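# Close look at the chain arrangement
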Amino acid sequence: MHKKLFIPGPIDVREDVLQKMATPQIGHRTKEASALQRSVSEKLMKVFQTKNQIILSTSSGSGLMEGAIRSCTRKRAAVFSVGAFGDRWFKMAKANGVPADKISSVPGKPTTPEMVDEALATGKYDVITVTQNETSAGIMNPCGEIGELLKKKYPDVLYLIDTVSSMGGTDIRVDEWGVDVCITSTQKCLGLPAGMSACSISERAVEAARQVENRGMYFDLVELYDFIQKKDHQYPSTPSLSHMFAMDYQLDKILAEGLEKRFARHIEMAEYVRAWARKNFALFVEDEKYLSNTLTTVTNTIGIDVGGLNKKLGERGFMISNGYGDLKDKTFRISHMGDYTLGEVKELIKNINEILGL
Ligand SMILES: *Cc1c(COP(=O)(O)O)cnc(C)c1O
């Protein structure tokens with residue numbers, strides 16, 4: 001039986017979108033391929049709320065995260081971490097020989113503008129990375145406020161953010177916030193199959209990256225950017241055209257729904273799950289302001305057997321997620337992202353209640 005995925009990615013893809021993956025292949029050096037990739041990029045610009053160039057990558061989001069920190073750091077990167085994916089960005093820096101420091105928050109707490117200010121006041125850094133939506137913890141960081149701080153006090157520092165589990169599900173204003181590189185993947189709020197990712201990149205990030213000597217090759221953001229300009233939205237290597245067909249179609253659906261309505265639907269689903277979690281358990285993130293709109297991390301205050309629950313849910317055609325890493329049994333996570341409706345989320349919760357006798 002198919003299990004409806006309420007894990008924080010991949011999530012279920014609507015049947016009509018899935019079918020677009022079966023579109024017959026086209027040559028990747030044709031005008032048709034250019035038009036398709038241009039169309040996808042232009043639609044993504046709307047979702048990203050940016051005028052910056054979009055780079056598509058036939059890799060999951062981690063590829064672009066690695067490419068971004070390696071391509072953009074000339075001096076040193078300050079990597080702000082509130083969980084596993086912030087930690088991952090730091091590991092990528094280290095693995096690539098990119099000078100970086102990790103600045104971690106207390107578990108369950110956000111990256112604050114004060115923390116960023118304190119780090120940047122040292123003058124050591126020319127790049128910062130922030131996880132806009134930390135999927136291991138269910139934290140949404142105040143990326144708008146951090147952007148304001150950068151504009152006011154540190155206008156030369158490049159601002160890189162990870163929106164892998166939030167773009168298309170919550171309001172992310174790349175241009176207004178002054179984000180230089182914003183990264184996302186297909187398999188989360190965009191409601192597409194896993195295997196592709198996209199980022200926006202500012203002109204000044206491209207110019208800064210040109211000064212970096214060893215940017216690698218496959219994920220060299222300058223190489224990708226220049227190729228797009230020269231070859232009308234084509235890429236140096238063969239992209240997943242199947243994904244492009246599905247993306248082009250799904251982005252039309254997302255824009256037809258309307259971003260505001262889509263974001264409101266995510267909040268509606270989030271509020272339902274939060275209310276249920278508060279009543280029966282507790283929320284891992286205590287400060288309302290930083291709760292993720294796309295997934296909820298529930299603290300397992302009554303010591304339920306999360307693995308057992310998931311097994312029983314599986315028999316009913318659902319799947320949720322245990323806590324991430326150290327939080328495996330202490331928390332569990334329910335995603336409410338992509339194309340899911342409040343009705344579907346209610347159905348999941350009803351099944352959990354029946355299994356647990358809540
Ligand atoms: C899923 C996720 C990633 C990793 O993305 P992949 O597409 O699996 O490489 C990175 N950051 C966050 C916040 C995520 O949720």
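These remarks concern the structure in this document. (Residues numbered from 1 in each chain as written. Predicted model: local features only at pLDDT ≥ 70, side-chain atom pairs only at ≥ 80, totals over all residues. Heavy atoms only, no water.)

## Here's the deal with the layout of surface pockets
This is how it is decided: Definitions used for this entry: grid spacing 1 Å over protein atoms alone; cavity, a set of points where a 1.4 Å probe fits but cannot get out; pocket, an open set with protein on both sides within 12 Å along at least 5 of 7 lines; lining residue, one with an atom within 4 Å of a point. Grid points are joined across faces, edges and corners, and a volume is the space filled by probe spheres set on the points. All residues other than Ala, Val, Leu, Ile, Met, Phe, Trp, Tyr, Cys, Pro, Asp, Glu, Lys and Arg, Gly among them, are scored as polar; the first ten of these are nonpolar and the last four charged. The split of the chain into domains comes from an automatic or database domain assignment.
The volume enclosed by the largest pocket comes to roughly 290 Å³. Taken together, 17 residues make up the lining of the largest pocket; nearest its centre are Val82, Gly83, Ala84, Asp87 and Pro107. Considered class by class, the residues forming the lining of the largest pocket number 8 nonpolar, 7 polar and 2 charged. Two domains each donate at least three residues to the lining of the largest pocket, and these are domain 1 (4-10 + 259-356) and domain 2 (21-255).

## Comments concerning the packing of aromatic side chains
The condition is simple: To pair, rings of Phe, Tyr and Trp, with the six-membered ring standing in for Trp, must have centres within 6.5 Å; the planes then decide the type, stacked if under 30 degrees apart, edge-to-face if over 60, and tilted in the middle.
Under the criterion given, the structure shown has 7 aromatic pairs. Ring geometry for Tyr218 against Phe219: centres 4.9 Å apart, planes inclined by 80 degrees, an arrangement best described as edge-to-face.

## Examining the packing of helix H3 (residues 61-72) against helix H4 (residues 84-95)
The cut-off we apply is this: What counts as an axis is a line fitted to C-alpha atoms, over the stretch in contact for a helix, and the angles between N-to-C directions run from 0 to 180 degrees. Numbering of helices and strands runs from the N terminus, with a helix taken as a DSSP run of H or I at least four residues long and a strand as a DSSP run of E at least two residues long. Note on angle classes: values under 35 degrees are labelled roughly parallel, values over 145 roughly antiparallel, values of 65 to 115 roughly perpendicular, and the remainder oblique. Here is the rule for handedness: rotate from the far helix to the near one, and if that takes an anticlockwise turn smaller than a right angle the crossing is left-handed, while a clockwise turn gives right-handed. Contacts: residue pairs with any heavy atoms within 4.5 Å of one another.
Put simply, H3 and H4 touch, their axes get as near as 9 Å, and they point 50 degrees apart. On the basis of their axis angle, the class for H3 and H4 is oblique. In the packing of H3 onto H4, the handedness of the crossing is right-handed. Where H3 abuts H4, its residues Ser62, Met65, Glu66 and Ile69 lie against Phe85, Arg88, Trp89, Met92 and Ala93. Here the contact of H3 with H4 is built from residues that sort into 6 nonpolar, 1 polar and 2 charged.

## Regarding the side chain of Ser197
Put simply, the rule is: Between N or O atoms, a polar contact is any pair within 3.5 Å; within protein, one atom must be a potential hydrogen donor and the other a potential acceptor, and residues adjacent in sequence are included only when both atoms are from side chains.
Its place among the elements puts Ser197 in strand S10 (residues 197-201). At a separation of 3.3 Å, a polar atom in the side chain of Ser197 contacts the main-chain carbonyl oxygen of Ser60. Discounting chain neighbours no more than four positions away, the residues touching Ser197 are Ile55, Leu56, Ser57, Ser59, Ser60, Gly61, Leu64, Thr184 and Ser185.

## Quick look at the sheet that holds strand S4 (residues 100-104)
Threshold: For two strands to count as paired, DSSP must find a minimum of two bridges between them.
The 7 strands lie next to each other as S2-S10-S9-S8-S5-S3-S4, forming an open sheet whose pairing is mixed. The two strands at the open ends of the sheet, each matched to only one other strand, are strand S2 (53-57) and S4. Across this sheet, the average inter-strand angle for adjacent strands is 20 degrees, counted without regard to direction. Examined bridge by bridge, strand S3 (residues 77-81) and S4 share 5 bridges and lie parallel to one another. By the bridge assignment for S4, Ala77 is matched with Ala100. Along the sheet, helix H9 (residues 221-230) makes contact with S2, strand S9 (181-185) and S10, crossing S2 at roughly 110 degrees.

## A word on the pattern of salt bridges
Quick note on the threshold: Salt bridge criterion: a side-chain nitrogen from Lys or Arg within 4 Å of a carboxyl oxygen from Asp or Glu. Using a 1.4 Å probe on the protein chains alone, a residue whose accessible area is under 20% of its type maximum counts as buried, one over 50% counts as exposed, and one in between counts as partly exposed.
Inspection of every chain in the model, using the stated rule, returns 25 salt bridges. For the salt bridge of Asp232 with Arg38, the shortest nitrogen-to-oxygen distance reads 2.8 Å. Pair noted here: Asp232 is in the loop between H9 and helix H10 (241-257) and Arg38 is in helix H2 (residues 31-48), with a separation of 194 residues, a long-range link. Here Glu354 and Arg316 are joined by a salt bridge, their closest N and O atoms 2.6 Å apart. Here Glu354 is found in helix H13 (residues 342-356), whereas its partner Arg316 is found in the loop between helix H12 (306-315) and strand S13 (318-319), with 38 residues between them in sequence. A residue is classified by how much of its surface remains accessible, and Glu354, at 44% relative accessible area, is partly exposed. Among the charged side chains, a salt-bridge network with shared partners connects Glu257, Arg262, Arg265 and Asp339.

## Points about the site of the ligand
Heads up, the rule is: Whether a residue is near a molecule or strand depends on its heavy atoms: it is near if one of them lies within 4 Å of it. The method behind every accessible area is Shrake-Rupley, applied with a 1.4 Å probe, and residues are considered shielded solely by the protein chains displayed.
Neighbouring residues of the ligand: 14 residues in total, closest Ser60, Ser62, Thr135, Asp162 and Lys188. Between the ligand and the protein, one listed contact pairs an oxygen atom with a backbone N or O atom of Gly61 at 2.9 Å. One nitrogen or oxygen atom from the side chain of Asp162 is found 2.6 Å from a nitrogen atom belonging to the ligand. Considered on its own, the ligand offers 380 Å² of accessible surface; in the complex 91% of this is hidden by protein. Of all the secondary structure elements, the ones that give two or more residues to the shell around the ligand are H3 and H4. Considering every element that reaches the shell around the ligand, the biggest residue donor is H3, with 3 residues. Class assignment for the residues of the shell around the ligand results in 3 nonpolar, 8 polar and 3 charged.

## Regarding the pairing of strand S8 (residues 158-162)
In the case of a regular strand, side chains alternate between the two sheet surfaces. Of all 5 residues in S8, 5 are buried; the element is thus mostly enclosed. Neither face of S8 is left uncovered, since the one carrying Leu158, Leu160 and Asp162 and the one carrying Tyr159 and Ile161 both have all their residues buried. Two strands pair when backbone bridges link them, and strand S5 (residues 127-131) and S8 are joined in this way by 5 bridges, in the parallel orientation. Bridge pairing in S8 links Thr129 to Leu160. Examined bridge by bridge, S8 and S9 share 3 bridges and lie parallel to one another. Within the sheet, the bridge partner assigned to Asp162 lies in S9 and is Ile183.

## Remarks on the environment of Phe245
Residue position: Phe245 is located in helix H10. Residue Phe245 is classed as buried on the basis of its relative accessible area, which comes to 16%. Along the sequence, Phe245 and Arg29 sit 216 residues apart, while their C-alpha atoms lie 16 Å from each other.

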